[in-house]
Amino acid sequence: RTRRGRAMATISSDAFVNMMLHSCKHPHRSVNGVLLGSVSEDGGVEVSEAVPLFHGILGLAPMMEVALNQVEGYCASVNSAVVGYYCANERRADTELTHLARKVGERIHARVPSALLIVLEASPASTASSSLPLKAFSLSGSVWQQRDPSSVKVDDEAGARAALEACLTAAAQYELCDFDDHLDDGARVWIGQKPAQLSGRSS
Amino acid sequence: ALKVLKALRAGRVRRPDLVVAHGAPFLEGRHASSVGAAERYAIIEEVFVAALDRGEAELARRCLATLNARFPGSKRVRSLAAMADEAAGNFEAAMGKYDSIIEEDPANMHVHKRRVALLLSKGDTAGAVAALNDYLALNAGDPDAWLELARIYTAGAQYRRAAFCWEELLLLVPSNPVFLCKYAETLYTLGGPEVKTARKYFAKALALQPDNLRALYGLHACCQAVVGSAARTKGQRTDRDDAALCADLSEHAVARLRAAYKGNDFNARLLERMLEL
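One structure accompanies this document, and this report is about it. Quick caveat: nothing in here was measured; it's all calculated off a predicted structure.

## Things to note about the overall build of chain A
Of the regular secondary structure elements, chain A holds 6 helices and 8 strands. In sequence order, chain A lays out its α and β elements as β-α-β-β-α-β-α-β-β-β-β-α-α-α. Taken against the 2.2 N^0.38 rule, which gives 17 Å for 203 residues, the C-alpha radius of gyration of chain A at 16 Å falls within 12% of a compact globule. With respect to the three principal axes, the spread of C-alpha positions in chain A is 45 × 40 × 35 Å. For chain A, the residues scored as buried account for 55% of the 203 residues in total. The contacts in chain A between residues at least 6 apart in sequence include a share of 70% that link residues at least 24 apart. Carbon together with sulfur atoms contributes 48% to the accessible area of chain A, which is approximately 8,500 Å² in total. Put simply, chain A has 19 plus and 23 minus side-chain charges, and the middle of one group is 5 Å from the middle of the other.

Shown next, in the form of structure tokens:
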């Protein structure tokens, strides 16, 4: 039972790994994507999947609209919902919310009041770091406020970090396909990718 | 190994892991019979940059030492040393090196651009934009610079300025579908009357690449937007003619998109659901 204002945001292991792989695939570029999952009655958010969208140039409307429309259609078919958005700024040390992040966040918030915005920091250099390499935000009134780190957790964090390291060792990030990659090659699938499959393909 | 390195170079693909894996042996003097000296040093330079990318400081140091021994005092090697400073976060030292090279050689394009990259790394976007604009004032024929400036403006949501950069880039490289689409996407983002112009540029990209997904989706989106706004403003005759054109273009785009996804049920269904909206 959580108190009002302390509802938890839980990120599945697969979603965490996918977000970090997307960031690691393009370490010198910004990346973004959407978070799928469900919300609970107390305002908690459960993220079950991270769908990578773009890398490099993020802020252009037409492809973003196509991607969001297709993701929303997919969600309806699997009884899931778009519950958030993640991004990493080109300079990973910069963890400010961009104008684009706010705009997309507001669109998601219109349907999901507990919408989550995540800004990724640099990939954890070692599995020993104690805090998650990300900042999470929720909309409070008209302001996106950073969530207390204790209100955001990754399901089986140790397992997730180990899976991430295994993927990076196998260079599996290069197998991850975002919507940008799909636009370059329509045969590639950009939704529903699981880290285990990516490692399998790259070894 | 040489083939991989050549392919990465030609495709301008950034895969430092592959460069290090395939290029590092050349540093040790292996494969000496398969490359000339000039090519070997070019490879070592690439390995140096890749090592910096991967945070492999020791490998980078060894590459730099080899290059320094062979080309002592060379401006090119000095700018590599400055890159190493940047990678270590010693921005002042790096800028000092770049500035001293510029003093000796004011037309050194490569170092001017390294200065811009350094300013971006420091987070000084305004400084980077100013430096890049200064550079372009003297080097308006440099497509990479226009591309970088377009990127920076887009990241800062300055779409009008970004559009100007894409226009300059297209003057230099008129038949590149990637640039045509990015320009069109920027115009669409600006909205209003620019959407019709965006439609034109997506169509131009399609004339070059009939199955370009970006251009197909973009064309479709423009048509929907134009028809939508005409309906709202109860347009005149010209708008009704345009509506017919939109319908044709839209139909064409949808047909080609469906054809592109034939054989891939998952992606085909994503498209159909989107069209139903």
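Having seen the model, we can carry on.
## Quick word on the packing of aromatic side chains
All names here are of chain B. Applying the stated criterion across every chain, the model contains 7 aromatic pairs over all chains. Here Trp-146 and Phe-164 contribute two aromatic rings whose centre-to-centre distance is 6.0 Å and whose plane-to-plane angle is 75°, an arrangement assigned as edge-to-face. Here Phe-164 lies in helix 10 (residues 159-172) and Trp-146 lies in helix 9 (residues 143-155), a separation of 18 residues in the sequence. We classify Phe-164 as partly exposed; its relative accessible area is 45%. Directly above the ring of Tyr-41 sits Arg-40, whose terminal nitrogen or CZ lies 5.4 Å from the centroid.

## As for the packing of helix 5 (residues 75-87) of chain B against helix 6 (residues 91-104) of chain B
Packed helix pairs are specified by the crossing angle of their axes together with the interaxial distance, meaning the distance between the axes. All names here are of chain B. Contact geometry for helix 5 and helix 6: axes closest at 7 Å, N-to-C directions at 160°. Taken as axis vectors, helix 5 and helix 6 run roughly antiparallel relative to one another. Of the two elements, helix 5 crosses helix 6, and the hand of that crossing is left-handed. Between helix 5 and helix 6, the residues in contact are Lys-75, Arg-78, Ser-79, Ala-81, Ala-82, Met-83, Asp-85 and Glu-86 and Phe-91, Ala-93, Ala-94, Lys-97, Tyr-98, Ser-100, Ile-101 and Glu-104, respectively. Here the residues of the contact of helix 5 with helix 6 sort into 8 nonpolar, 2 polar and 6 charged.

## A closer look at unusual backbone geometry
With a phi angle near 55°, Ala-171 of chain A is a residue other than glycine that sits in the positive phi range. In this structure, Ala-171 of chain A sits in the loop between helix 4 (157-169) and helix 5 (179-184). Unusually for a residue other than glycine, Ala-157 of chain B sits at a positive phi of about 60°. Residue placement: Ala-157 of chain B occurs in the loop between helix 9 and helix 10. According to the relative accessible area criterion, Ala-157 of chain B is partly exposed, its value standing at 29%.

## Looking at the pattern of salt bridges
All names here are of chain B. Under the defined criterion, the tally for this structure stands at 29 salt bridges over all chains. Ionic pairing is found between Arg-78 and Glu-104, a salt bridge with its closest N-O pair at 2.7 Å. One end of the pair, Arg-78, is in helix 5; the other, Glu-104, is in helix 6, with 26 residues separating them in the sequence. Look at Arg-78 and you get partly exposed, because its relative accessible area is 24%.

## Thoughts on helix 4 of chain A
Residues and elements named next belong to chain A. Taking 1.5 Å per residue as the helical rise, helix 4 with its 13 residues ought to reach 18 Å, and the 18 Å between its terminal C-alpha atoms agrees with that figure. Those residues of helix 4 lying buried are Ala-160, Arg-161, Leu-164 and Cys-167. Seen from one end, helix 4 has its buried residues packed into an arc of 125°, which puts them on one side. Those residues of helix 4 that are exposed and angled more than 90 degrees off the buried face are Ala-158 and Thr-169. One or two positions beyond helix 4, positive phi appears at Ala-171, with a value near 55°.

Basis of the calculations
Residues numbered from 1 in each chain as written. Chains lettered and ligands numbered in written order. Predicted model: local features only at pLDDT ≥ 70, side-chain atom pairs only at ≥ 80, totals over all residues. Heavy atoms only, no water. Helix = DSSP H or I, 4+ residues; strand = E, 2+ residues; numbered from the N terminus. Rg over C-alpha atoms; globule rule 2.2 N^0.38 Å. Buried < 20%, exposed > 50% of the residue type's maximum accessible area, 1.4 Å probe, protein only. Contact = heavy atoms within 4.5 Å. Areas by Shrake-Rupley, 256 points an atom, 1.4 Å probe, with all protein chains shown as cover. Lys, Arg positive; Asp, Glu negative; His and termini not counted. Charge placed at Lys NZ, Arg CZ, Asp CG, Glu CD. Phe/Tyr/Trp six-rings, centres within 6.5 Å; stacked < 30°, edge-to-face > 60°. Lys NZ or Arg CZ within 6 Å of the ring centre and 35° of its normal. Axes fitted to C-alpha atoms, helices over the stretch in contact; angles between N-to-C directions. Parallel < 35°, antiparallel > 145°, perpendicular 65-115°, else oblique. Left-handed = near helix turned anticlockwise from the far one by under 90°. Nonpolar A, V, L, I, M, F, W, Y, C, P; charged D, E, K, R; others polar. Salt bridge = Lys/Arg side-chain N within 4 Å of Asp/Glu carboxyl O. Expected span 1.5 Å × (residues − 1). Arc of directions from axis to C-beta.

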